[in-house]
Amino acid sequence: MEPKQILSPGTPAPDFTLKNHDGTEINLAKLRGRVVLVNFWATWCGPCKIEMPHLVRLYDKYRASGFQLLGVN
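Residues numbered from 1 in each chain as written. Predicted model: local features only at pLDDT ≥ 70, side-chain atom pairs only at ≥ 80, totals over all residues. Heavy atoms only, no water.

Participant: Can you break down the environment of Ala29 residue by residue, with the values?
Facilitator: Its place among the elements puts Ala29 in the loop between strand S2 (25-27) and strand S3 (36-40). Residues Ala29 and Ala13, spaced 16 residues apart in sequence, show a C-alpha to C-alpha distance of 8.8 Å. (Helix = DSSP H or I, 4+ residues; strand = E, 2+ residues; numbered from the N terminus.)

Following this line, the structure appears as structure tokens:
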């Protein structure tokens, strides 16, 4: 399956809006200017379970600098 759109390095990501665990909407465009990591994962994914503690440590280390971690399940 090929992606619908291939972005060149340095191209801003397309905007999207998702709801977080408490129903609050998160809009990617409103996070422009920050470093944002979007991680697609699933509870049944073994490698996803292994990487999660590493991502939490990464977030904890850099969140005060404005780093955002968006986990999409």
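Participant: Please give an account of the state of the cysteines that cites residues and values.
Facilitator: Here, the word disulfide means a covalent bond between the sulfur atoms of two cysteines. All told, the structure shown has 1 disulfide when counted by the stated rule. One disulfide bridge connects Cys45 with Cys48, the sulfur atoms lying 2.5 Å from each other. Note on the Cys45 and Cys48 pair: the S-S dihedral is about 75 degrees, so by sign convention the disulfide is right-handed. On the basis of relative accessible area, Cys45 is assigned to the buried category, the value being 15%. Note on Cys48: relative accessible area 8%, which makes it buried. (Disulfide = S-S within 2.5 Å. Buried < 20%, exposed > 50% of the residue type's maximum accessible area, 1.4 Å probe, protein only.)

Participant: Describe in detail the layout of surface pockets, supporting the description with residues and values.
Facilitator: Summary: where empty space remains is shown by rolling a probe the size of a single water molecule over the atoms. Taken as a whole, the largest pocket spans an internal volume of roughly 490 Å³. In this structure, the largest pocket is lined by 19 residues; those nearest its centre are Asn20, Leu69, Leu70, Gly71 and Val72. Within the residue set of the lining of the largest pocket, elements represented by two or more residues are strand S1 (17-19), helix H1 (46-62) and strand S4 (68-72). Of all the elements, S4 adds the most residues to the lining of the largest pocket, at 5 residues. Considering only residue class, the lining of the largest pocket consists of 12 nonpolar, 6 polar and 1 charged. (1 Å grid on protein atoms, 1.4 Å probe; cavity = no way out; pocket = protein on both sides within 12 Å on 5 of 7 lines; lining within 4 Å. Points joined across faces, edges and corners; volume = space filled by probe spheres on them. Nonpolar A, V, L, I, M, F, W, Y, C, P; charged D, E, K, R; others polar.)

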